[in-house]
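# Examination of the molecular architecture
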Amino acid sequence: MIYLDNHATTQVDSRVFKKMIPYFTEKFNNPHSQNTIHNRDIIKQISKARLMIAKLIGAKREEIIFTSGATESNNLAIKGLKSHVLRGKNHFISLNTEHKCVLEALRKLEIEGAKVTILKVNKNGLVDPIDIEKNINKNTLLVSVMLANNETGVIQPIKEIGRICKEKNILFHTDAAQAVGKIEINVKKMNIDMMSISAHKFYGPKGIGALYVRQFPRIRLTPLIDGGGQEISLRSGTLPVPLCIGFGEAAKISMSRLRQEKERTKKLRDYFYKNLKKNIKNIFINGHISKRLPANLNISIPGINSENLIKNLKNTVISSGSACTSNNIETSYVLSGMGLSKEVVKSSIRIGIGRYTTKKDINNAIKDITDTVKKLR
Ligand SMILES: *Cc1c(COP(=O)(O)O)cnc(C)c1O
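This text gives an overview of the structure that appears in the document. (Residues numbered from 1 in each chain as written. Predicted model: local features only at pLDDT ≥ 70, side-chain atom pairs only at ≥ 80, totals over all residues. Heavy atoms only, no water.)

### Focus: the overall build of the protein chain
- Looking only at helices and strands, the protein chain features 13 helices and twelve strands.
- Its C-alpha radius of gyration of 21 Å places the protein chain within 12% of the 21 Å reference for a compact globule of 377 residues.
- In terms of overall dimensions, the protein chain has a C-alpha envelope of 65 × 55 × 35 Å along the principal axes.
- The burial tally for the protein chain puts 58% of its 377 residues in the buried class.
- Sequence-distant contacts, at least 24 apart, represent 75% of the contacts inside the protein chain between residues at least 6 apart. (Helix = DSSP H or I, 4+ residues; strand = E, 2+ residues; numbered from the N terminus. Rg over C-alpha atoms; globule rule 2.2 N^0.38 Å. Buried < 20%, exposed > 50% of the residue type's maximum accessible area, 1.4 Å probe, protein only. Contact = heavy atoms within 4.5 Å.)

### Quick notes on unusual backbone geometry
- Note the cis peptide between Phe216 and Pro217, where omega equals -10°.
- Its place among the elements puts Pro217 in the loop between β8 (209–213) and α8 (241–256).
- One non-glycine residue, Asn191, lies in positive phi territory at about 55°.
- For Tyr203, which is not a glycine, the phi torsion comes out positive at approximately 70°.
- Within the element layout of this structure, Tyr203 appears in the loop between β7 (194–198) and β8.
- Given a relative accessible area of 6%, Tyr203 falls into the buried group.

### Some remarks on the site of the ligand
- Close to the ligand lie Gly69, Ala70, Thr71, His99, Met146, Asn150, Asp175, Ala177, Gln178, Ser198, His200 and Lys201.
- Here an oxygen atom of the ligand sits 2.7 Å away from a polar atom, N or O, in the side chain of Lys201.
- Of the residues assigned to the shell around the ligand, the class counts are three nonpolar, seven polar and two charged. (Near = heavy atom within 4 Å. Polar contact = N/O pair within 3.5 Å; in protein donor to acceptor, adjacent residues only side chain to side chain. Nonpolar A, V, L, I, M, F, W, Y, C, P; charged D, E, K, R; others polar.)

### Points about the packing of helix α2 (residues 40–56) against α8
- Between α2 and α8, whose axes approach to 8 Å, the crossing angle comes to 40°. Considered as vectors, α2 and α8 are oriented oblique to each other. When you trace α2 past α8, the crossing you get is left-handed. Counting all contacts with α2, which are made through Ile42, Gln45, Ile46, Ala49, Met52, Ile53, Lys55 and Leu56, the residues of α8 involved are Val241, Cys244, Ile245, Phe247, Gly248, Ala251, Lys252 and Met255.
- Of the residues assigned to the contact of α2 with α8, the class counts are twelve nonpolar, two polar and two charged. (Axes fitted to C-alpha atoms, helices over the stretch in contact; angles between N-to-C directions. Parallel < 35°, antiparallel > 145°, perpendicular 65-115°, else oblique. Left-handed = near helix turned anticlockwise from the far one by under 90°.)

### Focus: the nonpolar core
- Counting residues in hydrophobic clusters, the biggest one holds 65 residues, and the most contacted among them are Ile57 and Met195.
- Ignoring any residue separated from it by four or fewer positions in sequence, one finds Ile57 in contact with Ile64, Val180, Ile185, Asn186, Val187, Met195, Ile197 and Tyr212. (Core = buried A, V, L, I, M, F, W, Y, C linked by side-chain atoms within 4.5 Å.)

### Focus: the packing of aromatic side chains
- Counted according to the given criterion, the structure contains three aromatic pairs.
- Put simply, the rings of Phe66, Phe202 and Phe247 pair up and form one aromatic cluster.
- The ring of Tyr333 has Lys100 lying over it, and the distance from NZ or CZ to the ring centre is 4.3 Å.
- Cation over ring: Lys359 sits above Tyr271, and NZ or CZ is 4.4 Å from the ring centre. (Phe/Tyr/Trp six-rings, centres within 6.5 Å; stacked < 30°, edge-to-face > 60°. Lys NZ or Arg CZ within 6 Å of the ring centre and 35° of its normal.)

### Some remarks on the sheet that holds strand β9 (residues 284–285)
- Judged by pairing direction, the sheet is antiparallel, and its three strands sit side by side in the order β9-β10-β12 without closing on themselves. Among the strands making up the open sheet, the edge pair consists of β9 and β12 (348–352).
- As judged from the five bridges shared by strand β10 (residues 296–300) and β12, these two strands associate in the antiparallel manner. Note on β12: the bridge partner recorded for Ile299 is Ile349. (Pairing = 2+ DSSP bridges.)

### Remarks on the pairing of strand β4 (residues 115–119)
- Sheet topology note: the strand β3 (residues 91–95)/β4 ladder contains five bridges and is parallel. Each bridged residue has a counterpart across the sheet, and for His91 the counterpart in β4 is Lys115.
- Where the polypeptide runs from β3 across helix α5 (residues 100–111) and back to β4, its parallel neighbour, the crossover connection is right-handed. (Right-handed = clockwise from strand over helix to strand, strands pointing away.)

### Some remarks on the sheet that holds β3
- The seven strands lie next to each other as β2-β8-β7-β6-β5-β3-β4, forming an open sheet whose pairing is mixed. Edge positions in the open sheet fall to β2 (64–67) and β4, since each of these has one partner strand only. Between one strand axis and the next, the sheet turns by 20° as a mean value, whatever way the strands run.
- This element, α2, spans β2 and β7 of the sheet and lies at about 110° to β2.

### Here's the deal with α8
- Taking 1.5 Å as the rise per residue, α8 with 16 residues should run 22 Å; its terminal C-alpha atoms sit 23 Å apart, in good agreement.
- Taken across its 16 residues, α8 has 13 buried, putting it largely inside the fold. (Expected span 1.5 Å × (residues − 1).)

### Some words on α2
- Relative to the 24 Å expected for 17 residues at 1.5 Å per residue, α2 spans 25 Å between its end C-alpha atoms, a close match to the ideal helical length.
- Among all positions in α2, only Ile42, Gln45, Ile46, Ala49, Arg50, Met52, Ile53, Ala54 and Leu56 are buried.
- Just downstream of α2 lies Gly58, where phi reads positive at about 75°.

### Structural notes on the pattern of salt bridges
- Scanning the model with the defined rule gives 18 salt bridges in all.
- Of the charged contacts in the structure, one is a salt bridge between Arg350 and Asp5, with a shortest N-O distance of 3.2 Å. Remark: Asp5 occurs in the loop between β1 (2–3) and α1 (14–20) and Arg350 occurs in strand β12; sequence separation between them is 345 residues. When sorted by exposure, Arg350 lands in the same class as Asp5, which is buried. (Salt bridge = Lys/Arg side-chain N within 4 Å of Asp/Glu carboxyl O.)

### Some details on the environment of Ile164
- In this structure, Ile164 sits in helix α7 (residues 158–167).
- Linking Ile164 and Glu63, residues 101 residues apart in sequence, is a C-alpha distance of 22 Å.

What follows is the structure, encoded as structure tokens:
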């Protein structure tokens, strides 16, 4: 299998897995029970994991709230503001290319009285910060704009948006599930108040993520899950210790080789496109050419139905959009939301290069795709 679907999920790094194993078996004590010699190491390791995650994004350890993943983090960041909505500070701004969990959480809040403005991105997938500024009113509470898109890899002007939100005293949340561990992020420099993270997008385990919540000034959030008061009462429930520790290890590994990996994957990505274009002349890239994740390609192959192409590939795993919507027959709302035609959307494929992708993989994938396109044509 040549796995080029690293936006959907990534393989758990073997170093991450190794680090997790003892915490399933011999070190299974509950970290929230009374502090004893038996859970002391567990508490210490969780604290270390939290610190590694915080360091990866320029935050403090106390600002990392463990959740079950970015879906939950996005829900907490948005629905958690319910009490503000009830008090009349109820306007939200977001984009039409956001992940479904952001858009659906906003929809739910709308039923409870929120006013939601969904801005349309341009043909390149980018939002104009001025457009955000123009839509801010005296009731605006939150701007939620993703850092990097999961289909096109397009990176939004986050720093600029953060500056505007800070100036206007508005909360700024970003879904950074695709960006964390792949590009440099600093929540302080970018003026981010809340940020969603998912471990399984950067070689950590599935089922764990985090919401970074800025500590000063404290943001008042209503928890989605009530109980024993873990995670500073924002997310009750016993921590999944092995997952937390794996998440921390994944953060540590990503941080240690971030720059090298960025360059390596970008080279492979550019090589992929250049050589595929030699074989299939009329292909083109969707989304901004340079303001995108280094390992992402979203291309359209005119005249080819991408679902058909993907089904017929011999050993290459790619997708035609996000995993979350590909159960439906619905085509990419992200690409349509950029104003691209039905034909372009229907012929689009998403390629995500990852930590384990080699040049040989790329050459094999190019051959597989080229052969299959020829066959279908
Ligand atoms: C994967 C992803 C999510 C969902 O993350 P889970 O941890 O799987 O819940 C949310 N937003 C974006 C941009 C993603 O890529």
